[in-house]
Amino acid sequence: AAKTFFEDDEEGDDEEWDECSGAGIDCGVLREIAMLRLLNGAHPNVMSMVDVSRMDKGDLCLVLPKMAGDLTHAIAAQKLTNKDKVKVAALSLHALAFMHEHGIIHRDLKPDNILLTAEGEPVLADLSLAKVVGAKAVAPEAAAQGGKRQQAKKRKASKKKGGAEGGEEEAAALTESMGTPTYRAPEIINGESYGVKADVFSMG
């Protein structure tokens, strides 16, 4: 699937968007490309990127795996059984935890941005507002390293060192109003500092 882009004047109002103004490409596009390259298909339930290309008219596009739909339409069409809902919730949370463990906050979680594969598995998408709030490396081998026991050890060590949620301390300077209003955490609405827990609120 090819994801194309259009200009949105409202995005230029935030300081974070101005960080890369003048680069010739919209900051949200650059951010999404950077995040997709950083994640590099490391988690099956986080969007991966095949390529960056241009359409016939010269418009920049991201070439992504084709999805069957999104959670918004699946809910509206009442397609999900209780078992499906539990699967979507569990896998979405697992993917979000993976992002947080590697110091990345999504900042725009909502049903529109949870796509579904043909098998009904969720994929977290649209990383144009995502931001690195920690410095942990992400690579495909990260997802394959050693099973539940090793992942549990990493989580314990991360908490002791102030990692993952400790990344929230590094995110304390994040006060820009980001995301879709109806899914924003209270601290974002109030203009207070926020971190990865804001994503957890949006996911809920």
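Residues numbered from 1 in each chain as written. Predicted model: local features only at pLDDT ≥ 70, side-chain atom pairs only at ≥ 80, totals over all residues. Heavy atoms only, no water.

**Focus on the overall build of the protein**
(1) Moving on: The helix and strand inventory of the protein stands at nine helices and eight strands.
(2) Moving on: Across the 204 residues in the protein, those meeting the buried criterion constitute 42%.
(3) Moving on: In the protein, 64% of the contacts between residues at least 6 apart in sequence involve partners at least 24 apart.
(4) Moving on: Looking at the protein as shown, the accessible area adds up to about 11700 Å², and 53% of this sits on carbon and sulfur atoms. (Helix = DSSP H or I, 4+ residues; strand = E, 2+ residues; numbered from the N terminus. Buried < 20%, exposed > 50% of the residue type's maximum accessible area, 1.4 Å probe, protein only. Contact = heavy atoms within 4.5 Å. Areas by Shrake-Rupley, 256 points an atom, 1.4 Å probe, with all protein chains shown as cover.)

**What to know about the nonpolar core**
(1) Moving on: If you look at the biggest cluster of nonpolar residues, it comprises 30 residues, and the most contacted ones within it are Leu 36, Met 47, Leu 124 and Leu 127.
(2) Moving on: Looking at this core, the elements that each hand over two or more residues are α2 (27-39), β3 (60-63), α3 (71-76), α4 (82-101), β6 (114-116) and β7 (122-124).
(3) Moving on: Among all residues touching Leu 127, those that are not within four sequence positions of it are Arg 31, Glu 32, Met 35, Leu 36, Leu 39, Met 99 and His 106.
(4) Moving on: Counting nine residues, the second largest nonpolar core, distinct from the first, contains Ile 105, Leu 129, Ala 185 and Tyr 194. (Core = buried A, V, L, I, M, F, W, Y, C linked by side-chain atoms within 4.5 Å.)

**A word on the side chain of Asn 45**
(1) Moving on: When you line up the elements, Asn 45 lands in the loop between α2 and β2 (51-54).
(2) Moving on: Look at Asn 45 and you get buried, because its relative accessible area is 5%.
(3) Moving on: A distance of 2.8 Å separates the side chain of Asn 45 from the backbone oxygen of Pro 122, its partner in a polar contact.
(4) Moving on: Residues contacting Asn 45, with those up to four places away along its chain left out, are Leu 91, Ala 95, Glu 121, Pro 122, Val 123 and Leu 124. (Polar contact = N/O pair within 3.5 Å; in protein donor to acceptor, adjacent residues only side chain to side chain.)

**Digging into the sheet that holds strand β1 (residues 2-4)**
(1) Moving on: Here three strands make up an open sheet; going across it, the order is β1-β3-β2 and the pairing antiparallel. Of all the strands in the sheet, the pair left with one neighbour each is β1 and β2. Averaged over neighbouring strand pairs, the angle between their axes works out to 35° when direction is ignored.
(2) Moving on: Here four bridges tie β2 to β3, and the two strands are oriented antiparallel to one another. Bridging from a neighbouring strand, Arg 54 pairs with Leu 60 of β3.
(3) Moving on: Of the strands in this sheet, β1, β2 and β3 touch α2, which is tilted by about 25° from β3. (Pairing = 2+ DSSP bridges. Axes fitted to C-alpha atoms, helices over the stretch in contact; angles between N-to-C directions.)

**A short note on the environment of Asp 26**
(1) Moving on: Here Asp 26 lies in the loop between α1 (15-18) and α2.
(2) Moving on: Judged by its relative accessible area of 23%, Asp 26 falls in the partly exposed class.
(3) Moving on: Through-space distance from the C-alpha of Asp 26 to that of Ser 128 is 9.9 Å; in sequence the pair is 102 residues apart.
(4) Moving on: At 2.8 Å, the side chain of Asp 26 and the backbone nitrogen of Gly 28 are in polar contact.

**Quick look at the pattern of salt bridges**
(1) Moving on: Tallied over the entire structure, the rule returns two salt bridges.
(2) Moving on: Glu 32 serves as the salt-bridge partner of Lys 3, at 2.8 Å between the closest nitrogen and oxygen. One end of the pair, Lys 3, is in strand β1; the other, Glu 32, is in helix α2, with 29 residues separating them in the sequence.
(3) Moving on: Accessibility expressed as a relative area gives 24% for Lys 3, which makes it partly exposed.
(4) Moving on: Of the charged contacts, one joins Lys 3 and Asp 126 as a salt bridge, the two residues approaching to 3.7 Å between their closest N and O atoms. Separated by 123 residues along the polypeptide, Lys 3 in strand β1 and Asp 126 in the loop between β7 and β8 (131-132) bring together distant segments of the chain.
(5) Moving on: Three or more residues are tied together by salt bridges with common partners; here these are Lys 3, Glu 32 and Asp 126. (Salt bridge = Lys/Arg side-chain N within 4 Å of Asp/Glu carboxyl O.)

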